[in-house]
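# Summary of structural features
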Amino acid sequence: MEQISDRTDYALPAEFGIYTVAQVHRELADALDAHAQHAEDTFVVAAQQVDQIDAAALQLLCVLAAELGRRDLRLKLLEPSPVLERALRRFGAAHALGLPAIAHTD
């Protein structure tokens, strides 16, 4: 797992799809466990490096959002790449992820 800053819980890989989704799933589980030790209510995922994404990756993001909801946490995609933004809009996944709008750096 690559940590970008103290505010980032996880950084998505450049190639985020069927061939990497199992590894990302394991890494996200570890990041969720580590996040549980903090009192923050937002799980921050750096998304600026994503240059390939497919339906498997979007499904994993939906699973992540559902799990965060069960833990009373919210998801924030930090600086999503243009590729990720297009995929979220094209498949209507932003709403499914509980993202009213795609978040950029505060």
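Residues numbered from 1 in each chain as written. Predicted model: local features only at pLDDT ≥ 70, side-chain atom pairs only at ≥ 80, totals over all residues. Heavy atoms only, no water.

Next up on the list: helix H1 (residues 21–35). Relative to the 21 Å expected for 15 residues at 1.5 Å per residue, H1 spans 20 Å between its end C-alpha atoms, a close match to the ideal helical length. What H1 keeps buried is the set Val 21, Val 24, Glu 27, Leu 28, Ala 31, Leu 32 and His 35. Buried residues in H1, looked at end-on, bunch into an arc of 145°, giving them a common side. Seen from the open side of H1, the exposed residues pointing more than 90 degrees away from its buried face are Arg 26 and Asp 30. Buried residues along H1 sit against strand S1 (10–11), strand S2 (15–16), strand S3 (42–46) and helix H2 (55–70). (Helix = DSSP H or I, 4+ residues; strand = E, 2+ residues; numbered from the N terminus. Expected span 1.5 Å × (residues − 1). Buried < 20%, exposed > 50% of the residue type's maximum accessible area, 1.4 Å probe, protein only. Arc of directions from axis to C-beta. Contact = heavy atoms within 4.5 Å.)

Okay, the pairing of S3 next. Counting buried positions along S3 gives five out of five residues, so the element sits mostly inside the fold. Both faces of S3 are covered, namely the face carrying Thr 42, Val 44 and Ala 46 and the face carrying Phe 43 and Val 45. As paired strands, S1 and S3 are joined by two bridges and run parallel to one another. Opposite Ala 11, over in S3, you have Ala 46 as the bridge partner. (Pairing = 2+ DSSP bridges.)

Before going further, it helps to spend a moment on the sheet that holds S3. Here three strands make up an open sheet; going across it, the order is S1-S3-S5 and the pairing parallel. In this open sheet, the two strands that pair with only one neighbour each are S1 and strand S5 (74–78). Contacting S3 and S5, H2 crosses the sheet at an angle of about 135° to S5. (Axes fitted to C-alpha atoms, helices over the stretch in contact; angles between N-to-C directions.)

Okay, H2 next. In this model, H2 (16 residues) spans 23 Å end to end at C-alpha, consistent with the 22 Å of a helix rising 1.5 Å per residue. Taken residue by residue, H2 has Ala 56, Ala 57, Leu 58, Leu 60, Leu 61, Leu 64, Ala 65 and Leu 68 as its buried positions. Looking at where H2 begins, the residue whose side-chain oxygen comes 3.1 Å from the main-chain nitrogen of Ala 56 is Asp 54. (Polar contact = N/O pair within 3.5 Å; in protein donor to acceptor, adjacent residues only side chain to side chain.)

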